[in-house]
Amino acid sequence: MHHCACADAYVYTCVCEINGGFILGPRLCQLLTRVIVLNCHHHTSLFFSRSFGSLSVNLCISNPIPTFSSRINECIKKNSLANFGEVFYRFAMRGRQRVASKDHIFGQDKDETLASVRVSNAKPCWRHSFRHVLAASISSFLYGYHIGVVNETLESISIDLGFTGNTMAEGLVVSICLGGAFIGSLFSGWIADGVGRRRSFQLCALPMIIGAGMSATAKTLWGMLLGRLFVGTGIGLGPPVAALYVAEVSPPAVRGAFGALTQIATCLGLMGSFFIGIPAKEIVGWWRICFWVSVIPATILALFMEICAESPHWLFKIGRTTEAESEFEKLLGGVHVKAAMTELSKSDRGDGSDTVSVSDLICGRYSRVMFIGSTLFALQQLSGINAVFYFSSTVFESFGVPSDIANTCVGVCNLLGSVIAMILMDKLGRKVLLLGSFLGMALTMGLQVMAASSFASGSGAMYLSVGGMLLFVLSFAFGAGPVPCLVMSEILPGNIRAKAMAICLAVHWVINFFVGLFFLRLLEQIGAQLLYSIFGSFCLIAVVFVKKYILETKGKSLQEIEIALLAQEVNLTS
């Protein structure tokens, strides 16, 4: 019996005895899932004991209410543990007494023959980790902002810096950032494993601050390109670390929703860059303000990471077990620490000794999972989504639609799809959203092909093109946008997670770079109809690929996913 913090309140305890040892049986764990704390007026106590085969259930009750005692007696006489647990739970929920705690069952023996037992079927509260995920999402906001900042401002930048009409120079302003992102992404895994997730976020903020200042003060094309290159290294480091961090600090039940939260942050960054860039065509030099604005969230990211929790997975991996327990307490609540550490120890050694080389990742025992990750990211980019984001203003203006209206609609569709993903991610699962997303993208890209054909003209072509592009963005946002980063951070084994994510996202940035560099030129040379047909074909290939290779990870812990993948590999090799 344990006295609690509330006056005149005691805790019911339950202990199971098997062969002289005291443990909490698995069936009883499922039934007795609440600690009942009652404030009663009488200080009497009862003790019940009933044998269920080799299992003895001893219930120590302090301050019982007569009706409760009689119902407990009745259940024990019927020899029904299920009824006993049901009555016990229903009585706890009646609300006649003050409830101080309803999460655990404690067992204790003063003679040291009873072990202290704590059980909780309740899921960890998402609020503990939400603020840490929210801070990490600032890096995704910055990624979206810097991707979209040149959309509205590219024309005024080209006028001020003297490269108007040079499509290759315009493509470089867009794509050089992605080249820097490739460099940042390539080293992100080694940085994240070397200095931890929190310090990696701070390191990604530094080049974004420096690069934004260089771009804002650029006098020539080369100055702008150098600044964009610096920014690119920062946004290349941010997304893989954010994916790692969110997967490692989130409770399994809401990990999908938190993963979609980073996509929402990216959408807000894109929309923010669109809105801030609207006056750029009317106010001379406004584009410089657009770059300066990005310094604010980058600084906030660096400062907030000082008070955020470090990834317990990383701490455990390098042998800092005590600190890992402390961080789990911040993220999940103290009552879930033991279970989280037990789950973590199933797959991770906790000594940091399991080193993995690049050759092991590319052509060794991890080559299959690396193939899945790299191909998924490649197909995401070959769908043509970033060509829509980079050059949506140009495409819409060709149909007479004002760019500010077009970009606003694109941003709203992207945000709406991301919210849908957040709601459905942990209900329908990752694989279902991916399949539906890529299939929807293929169909809506078909509308773009029809708009570019000779069968559509005038207002019909405009509606098909504009509507198809908006539906394409919506389809992307509820699956193909947020899921790849999330699902790869889930299926990659803990000992290679950071480095493997770095290589997979490096593939993403390489393809992203070339799509941004050559989209306008290909649009001029081969025409919209053929180019959009190619994009649609890659979307259909992605549907087949997801159906065959992607494992559903909804509601599973990272360790359970890793074990499932190991079993899958054994089945494939046997």
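Rules used in this analysis
Residues numbered from 1 in each chain as written. Predicted model: local features only at pLDDT ≥ 70, side-chain atom pairs only at ≥ 80, totals over all residues. Heavy atoms only, no water. UniProt positions renumbered as here; feature names shortened; annotations may be inferred. Salt bridge = Lys/Arg side-chain N within 4 Å of Asp/Glu carboxyl O. Helix = DSSP H or I, 4+ residues; strand = E, 2+ residues; numbered from the N terminus. Buried < 20%, exposed > 50% of the residue type's maximum accessible area, 1.4 Å probe, protein only. Phe/Tyr/Trp six-rings, centres within 6.5 Å; stacked < 30°, edge-to-face > 60°. Polar contact = N/O pair within 3.5 Å; in protein donor to acceptor, adjacent residues only side chain to side chain. Contact = heavy atoms within 4.5 Å. Core = buried A, V, L, I, M, F, W, Y, C linked by side-chain atoms within 4.5 Å. Patch = residues over 30% accessible without salt bridge, like charges linked within 9 Å, V, L, I, M, F, W, Y side chains within 5 Å. Areas by Shrake-Rupley, 256 points an atom, 1.4 Å probe, with all protein chains shown as cover. Axes fitted to C-alpha atoms, helices over the stretch in contact; angles between N-to-C directions. Parallel < 35°, antiparallel > 145°, perpendicular 65-115°, else oblique. Left-handed = near helix turned anticlockwise from the far one by under 90°. Nonpolar A, V, L, I, M, F, W, Y, C, P; charged D, E, K, R; others polar.

- Going by what an unreviewed UniProt entry lists, the protein is known as Major facilitator superfamily (MFS) profile domain-containing protein and is assigned to Sphenostylis stenocarpa.
- According to its UniProt record, the protein has this under Subcellular location (unreviewed entry): "Cell membrane".
- Of the comments in the UniProt record for the protein, the one headed Sequence similarities (unreviewed entry) reads "Belongs to the major facilitator superfamily. Sugar transporter (TC 2.A.1.1) family."

## Some words on the pattern of salt bridges
And then number 1: Tallying each qualifying case throughout the model produces 12 salt bridges.
And then number 2: Between Asp 193 and Lys 499 there is a salt bridge; the shortest N-O distance is 2.9 Å. Here Lys 499 lies in helix α21 (residues 497–525) and Asp 193 lies in helix α5 (residues 167–195), a separation of 306 residues in the sequence. The residues Asp 193 and Lys 499 share a single accessibility class, namely buried.
And then number 3: In this structure, Arg 197 engages Glu 248 in a salt bridge whose closest nitrogen and oxygen atoms are separated by 2.9 Å. Remark: Glu 248 occurs in helix α7 (residues 221–249) and Arg 197 occurs in helix α6 (residues 197–216); sequence separation between them is 51 residues. The same class applies to Arg 197 as to Glu 248, namely buried.

## Remarks on the packing of aromatic side chains
And then number 1: The full count for this structure, using the stated rule, is nine aromatic pairs.
And then number 2: Judged by centre distance (4.9 Å) and plane angle (35 degrees), the ring pair of Phe 545 and Tyr 549 falls under tilted. In this pair, Phe 545 and Tyr 549 are both assigned in helix α22 (residues 527–549), four residues apart and thus about one turn of the helix distant.
And then number 3: With relative accessibility at 23%, the residue Tyr 549 sits in the partly exposed group.
And then number 4: One aromatic cluster in this structure is built from Trp 126, Phe 130 and Phe 258.

## A word on the side chain of Arg 497
And then number 1: Within the secondary structure layout, Arg 497 lies in helix α21.
And then number 2: A polar contact of 3.2 Å, which involves the side chain of Arg 497, links it to the side chain of Glu 248.
And then number 3: Each residue touching Arg 497, except ones within four places of it in the same chain, is listed here: Leu 244, Glu 248, His 313, Ser 489, Leu 492 and Leu 558.

## Here's the deal with the environment of Glu 562
And then number 1: Relative to the assigned elements, Glu 562 resides in helix α23 (residues 558–573).
And then number 2: Glu 562 sits in the buried class, given a relative accessible area of 12%.
And then number 3: Each C-alpha atom, one on Glu 562 and one on Ile 491, is 6.3 Å from the other, the two residues being 71 residues apart in sequence.

## What to know about the nonpolar core
And then number 1: Counting 113 residues, the largest nonpolar core has Ile 235 and Phe 438 as the members making the most contacts within it.
And then number 2: If one sorts the elements of this core by residue count, α21 sits on top with 13 residues.
And then number 3: Non-local contacts of Ile 235, meaning those with residues more than four positions away in its chain, are made with Leu 142, Tyr 143, His 146, Ile 147, Cys 177, Ala 181, Met 208 and Trp 509.
And then number 4: Counting residues in each nonpolar core, the second largest holds 18 residues, with Val 149, Ala 169, Ala 218 and Cys 290 among its members.

## Some thoughts on a nonpolar patch on the surface
And then number 1: Where nonpolar side chains cluster on the molecular surface, the patch consists of Val 510, Phe 514, Phe 518, Leu 522, Ile 526, Leu 530 and Ile 534 and spans about 530 Å² of accessible area.
And then number 2: Here the nonpolar patch takes four residues from α21, the largest share from any one element.
And then number 3: Under the relative-accessibility criterion, Phe 514 is labelled partly exposed at 43%.

## Overview of helix α10 (residues 295–304)
And then number 1: All of the buried residues in α10 are Val 295, Pro 297, Ala 298 and Leu 301.
And then number 2: Buried-residue contacts for α10 involve α4 (126–161), α6 and α9 (286–293).

## Thoughts on the packing of helix α15 (residues 367–382) against α21
And then number 1: With their axes 9 Å apart at the nearest point, α15 and α21 run at an angle of 25 degrees to one another. Between α15 and α21, the crossing angle belongs to the class labelled roughly parallel. The hand of the α15/α21 crossing is right-handed. In contact with Met 370, Gly 373, Ser 374, Phe 377, Ala 378, Gln 380, Gln 381 and Leu 382 of α15, α21 contributes Ala 500, Ile 503, Cys 504, Leu 505, Val 507, His 508, Ile 511, Asn 512 and Val 515.
And then number 2: For the contact of α15 with α21, the class distribution of residues is 11 nonpolar, six polar and no charged.

## Focus on the packing of α5 against α6
And then number 1: Between α5 and α6, whose axes approach to 7 Å, the crossing angle comes to 130 degrees. Taken together, α5 and α6 sit at an angle that is classed as oblique. At the point where α5 passes α6, the crossing takes the right-handed sense. Here Ile 191, Ala 192, Asp 193 and Val 195 of α5 lie close against α6, whose contacting residues are Arg 197, Arg 199, Ser 200 and Leu 203.
And then number 2: Of the residues that constitute the contact of α5 with α6, the class distribution is four nonpolar, one polar and three charged.

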